[in-house]
Amino acid sequence: MKKILLLSIPFLLCGCTPAEQGETTNYNDYGAFLGRSDSNTENFDNYKYLSFEFDDFKKNTISNLNSKGIECYAYFNVGSLETYRDYYDQFKEFTFMDYDNWDDERWINITENSWQTYLINTVAASFKEKGASGVYMDNVDVYSVFKENNMNYYKAASAIKNIIEGVNSLGLKVLMNGGAEFIDDMNDKNDSILNSIWAYHQEEVFSLILDYDNDRFGKQNAEDSSYYKNIAKIMKNKGSEVFLLEYTKDSKLIKEISDYCSTNQYHYYCSTTVDLK
């Protein structure tokens, strides 16, 4: 899924702080603020892990967060291309399909060498220089898009692995959003690339976005929820951290998410909105 724009929410939701929850061990130590800019860092100090758009933040702001022991993860879109990126014109010829629910974005042919090189040597390198702990690697699900459209998904897998290795070579950790089918297939092959993924980050394990424009949410179906939970378990067993990102206003579901993550030692964050501007 495309970047998700979140905010802190009242104490009964997952965005509450450790002190408000009163938990001995806090797994609600993650905040995704991809819609924020440098002018609004309210509540950032409540979290151990943050993800946000690095282009919208000054280096000294990030350095200040780092000095407080907060790990900052830069939004890093590898599988699609947004029209507002300053490098859109340079790579738009490699896009091949519209992205559902996001009018300003198209899936990109991740197998293009120039795209991979740019992502690693220019985009990720700039994050490193600015003080990132790692990248919030998004749209790895392009692998599944390749599969569904009878494209060469073996090459897509190789491209994803190349990007992961390239990011790691810069000294950056990979917080990989989605990519469940990629992980599943690599696990079947016993591919060591999974050991290079610091954390698996999955949206909508318990919740489901029903209406992107009006912030209507429901509950994830049992089959998909079970599948995501299994992928999370695979990655946890390999030593990776696990992060869940949920969308709900249902206090009972929020309690279920909190209990599940505490039991499994997963980090989590919830939002009552899809897109904050």
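As a starting point, this report considers the structure included with it.

Each value, and the rule that gives it
- Residues numbered from 1 in each chain as written.
- Predicted model: local features only at pLDDT ≥ 70, side-chain atom pairs only at ≥ 80, totals over all residues.
- Heavy atoms only, no water.
- 1 Å grid on protein atoms, 1.4 Å probe; cavity = no way out; pocket = protein on both sides within 12 Å on 5 of 7 lines; lining within 4 Å.
- Points joined across faces, edges and corners; volume = space filled by probe spheres on them.
- Helix = DSSP H or I, 4+ residues; strand = E, 2+ residues; numbered from the N terminus.
- Nonpolar A, V, L, I, M, F, W, Y, C, P; charged D, E, K, R; others polar.
- Pairing = 2+ DSSP bridges.

### Structural notes on the layout of surface pockets
- There is about 290 Å³ of room inside the second largest pocket.
- Considering the residues around the second largest pocket, the lining is formed by 18 residues, among which D55, R85, Y87, V123 and F127 are closest to the centre.
- Here the lining of the second largest pocket gets six residues from one element, more than from any other, and that element is helix α4 (residues 113-130).
- Among the residues forming the lining of the second largest pocket, the class breakdown is nine nonpolar, three polar and six charged.

### Concerning the pairing of strand β10 (residues 207-211)
- Relative to strand β11 (residues 216-219), β10 is paired through four bridges, and the arrangement is antiparallel. Directly across from S207, in β11, lies its bridge partner K219.
- Following β10, the chain reverses through four residues before pairing antiparallel with β11; D215 in that reversal takes a positive phi of roughly 50°.

### A look at unusual backbone geometry
- Within the chain, N150 stands out as a residue other than glycine whose phi angle is a positive 55°.
- Note that N150 resides in the loop between α5 (142-148) and α6 (153-169).
- Residue N190 is not a glycine yet carries a positive backbone phi of 55°.
- Among the secondary structure elements, N190 is positioned in the loop between α7 (180-188) and β9 (199-203).

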